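# Architecture at a glance
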Amino acid sequence: MDIKQTADKHIANTYARYPLALVKGQGCTVWDDQGNAYTDFLAGIAVCNLGHAHPQLVEALAEQARVLWHVSNLFYTQPQTELAQWLTAHSFADRVFFGNSGAEANEAAIKLARKYAKEKGEPGRYRIVSMKQSFHGRTMATLSATGQEKVRKGYDPILEGFDFVAFNDIEELSCAIGPATCAVMLEPIQGEGGIIVPHKEYLAQVRRLCDEKGCLLIFDEVQTGIGRTGKLFAYEHFGVAPDILTLAKALGNGLPIGAMLATEKAASAFVPGAHASTFGGTPLVTAVALKVLRLLTEEGILAQVEAKGAYLRQKLEALKAKCPVITDVRGKGLLVGALLDTAGAPIVKACMAKGYLINCVQDNILRFAPPLIISREEIDGLMQCLEEVLKEA
Ligand SMILES: *Cc1c(COP(=O)(O)O)cnc(C)c1O
């Protein structure tokens, strides 16, 4: 079977795919159906933080698969319970709601914020202030929360009640929060928007505003969570805790899982029947997610992320000095962006031809989000490839 041709005929045409059919992965390497190897600096978009086919994750999956896959949330299960216990022990949160994706985690966050206001006796509070250039998902509620026209286009009428302000601008946010605002929702570091790190004080200022004005603070850490930025959660870099936080991408290292974490106070608005998900937190995925978190924190992987990220950024800075087509290097930990003064797509394609997978956000920002187990040698290899590509361009 020609995978590409058959896929293009039978799968909904929603993805502009790269012309590669990948068949196998191991560590930081994936292979296509022609036998070509690629070093993976994208990790399924910040998902496979422990790389591909990690033997202990394969084992955890197989072990749980032999025992129990799914029983519905009408029953208690041990893996889900242990995962919730782990997440709350390692974060600001007291309670966790499990879903299957980032969008579903954000959907839960949006519902909880609205419900919390109602339960508090403020039924007029339903609006959420979100950020321009943000990305929160593709369901109707989460695309309505997303500050990018290209994501919302064609889906009017979108869900009512979202206001957008510039990220990193506390004055604009202050003006936008009104008596009808129930929450402020943002990514601590914007991912799809272009790897945008806020200035040092911003999140603390946002926290203060939310407290003053009586609204909840929601951090979308679907992309930045689970060690990506060098801390388990990106909010730890800023010393600011939200009321609600969402996770997905790397939590299952590729198994679909999403989670919404909340303080006891915020979570109190969710009572039996208020929200649900059939597949949310099945024994199978939660057993693997628990293993992901243990490996990440107990095997010293997380501890190396900041140093590896600094190494990658430093190498990119050196390349920027040689190749003026790079105009900015930014990010935290192993979520790194390089702004170009030219289109990124041809660069991504040329890197692919040389055996390196990266991608591009916002047309001209190269994104690097390798597995957190990436080695310095692999980073050196990518830098050599990029230098050749940028010089040829
Ligand atoms: C990827 C992403 C989402 C959406 O996650 P899905 O699992 O695709 O629904 C939401 N928020 C952020 C910040 C993301 O990066």
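Further up the page is the structure itself.
First, a word on what this report is: a plain description of the structure on this page.

## Quick look at the site of the ligand
Surveying the vicinity of the ligand reveals the residues Ser-101, Gly-102, Ala-103, Asn-106, Phe-135, His-136, Gly-137, Glu-187, Asp-220, Val-222, Gln-223 and Lys-249. Within the backbone of Gly-102, one N or O atom sits 2.8 Å away from an oxygen atom of the ligand. Contacts to the ligand include Ala-103, whose backbone N or O atom sits 2.8 Å from an oxygen atom. Contact with the protein chains covers 81% of the free accessible surface of the ligand, which is 380 Å². The biggest single contributor to the shell around the ligand is helix H5 (residues 102-119), with three residues. Broken down by class, the residue content of the shell around the ligand amounts to three nonpolar, six polar and three charged.

## A few points about the environment of Phe-219
Here Phe-219 is to be found in strand S8 (residues 216-220). Taking the C-alpha atoms as reference, Phe-219 lies 10 Å from Ala-262; in sequence the two are 43 residues apart. Those residues within four positions of Phe-219 in sequence are excluded, and the remaining contacts are Leu-186, Pro-188, Leu-203, Tyr-235, Val-240, Pro-242, Ile-244, Leu-245 and Thr-246.

## Thoughts on unusual backbone geometry
Cis rather than trans, the peptide bond between Asp-156 and Pro-157 has omega equal to -5°. Relative to the elements of secondary structure, Pro-157 occurs in the loop between helix H7 (149-152) and strand S6 (162-165). Despite not being glycine, Ala-43 has its phi angle at roughly 55°, a positive value. Among the secondary structure elements, Ala-43 is positioned in helix H2 (residues 43-46). With phi around 60°, Ile-226 is a residue other than glycine that occupies positive phi space. By secondary structure assignment, the location of Ile-226 is in the loop between S8 and helix H10 (235-238).

## Here we look at the packing of aromatic side chains
Tallying each qualifying case throughout the model produces five aromatic pairs. Pairing Phe-41 with Tyr-356 gives two aromatic rings, centres 6.3 Å apart and planes at 45°, and the pair type is tilted. Of this pair, Phe-41 sits in the loop between strand S3 (37-40) and H2 while Tyr-356 is found in strand S13 (residues 356-357), placing the two residues 315 residues apart along the sequence. This pair shows no difference in class: Phe-41 is buried, exactly as Tyr-356 is.

## Digging into the pattern of salt bridges
For the coordinates displayed, the defined rule picks out 20 salt bridges. With a closest N to O distance of 3.0 Å, Lys-115 and Glu-119 form a salt bridge. With Lys-115 and Glu-119 both in helix H5 and four residues apart, this pair spans about one turn of that helix. Given the relative accessible area of 25%, Lys-115 is considered partly exposed. A salt bridge links Glu-122 to Lys-120; the nearest nitrogen and oxygen atoms lie 3.1 Å apart.

Calculation notes
- Residues numbered from 1 in each chain as written.
- Predicted model: local features only at pLDDT ≥ 70, side-chain atom pairs only at ≥ 80, totals over all residues.
- Heavy atoms only, no water.
- Near = heavy atom within 4 Å.
- Polar contact = N/O pair within 3.5 Å; in protein donor to acceptor, adjacent residues only side chain to side chain.
- Areas by Shrake-Rupley, 256 points an atom, 1.4 Å probe, with all protein chains shown as cover.
- Helix = DSSP H or I, 4+ residues; strand = E, 2+ residues; numbered from the N terminus.
- Nonpolar A, V, L, I, M, F, W, Y, C, P; charged D, E, K, R; others polar.
- Contact = heavy atoms within 4.5 Å.
- Phe/Tyr/Trp six-rings, centres within 6.5 Å; stacked < 30°, edge-to-face > 60°.
- Buried < 20%, exposed > 50% of the residue type's maximum accessible area, 1.4 Å probe, protein only.
- Salt bridge = Lys/Arg side-chain N within 4 Å of Asp/Glu carboxyl O.

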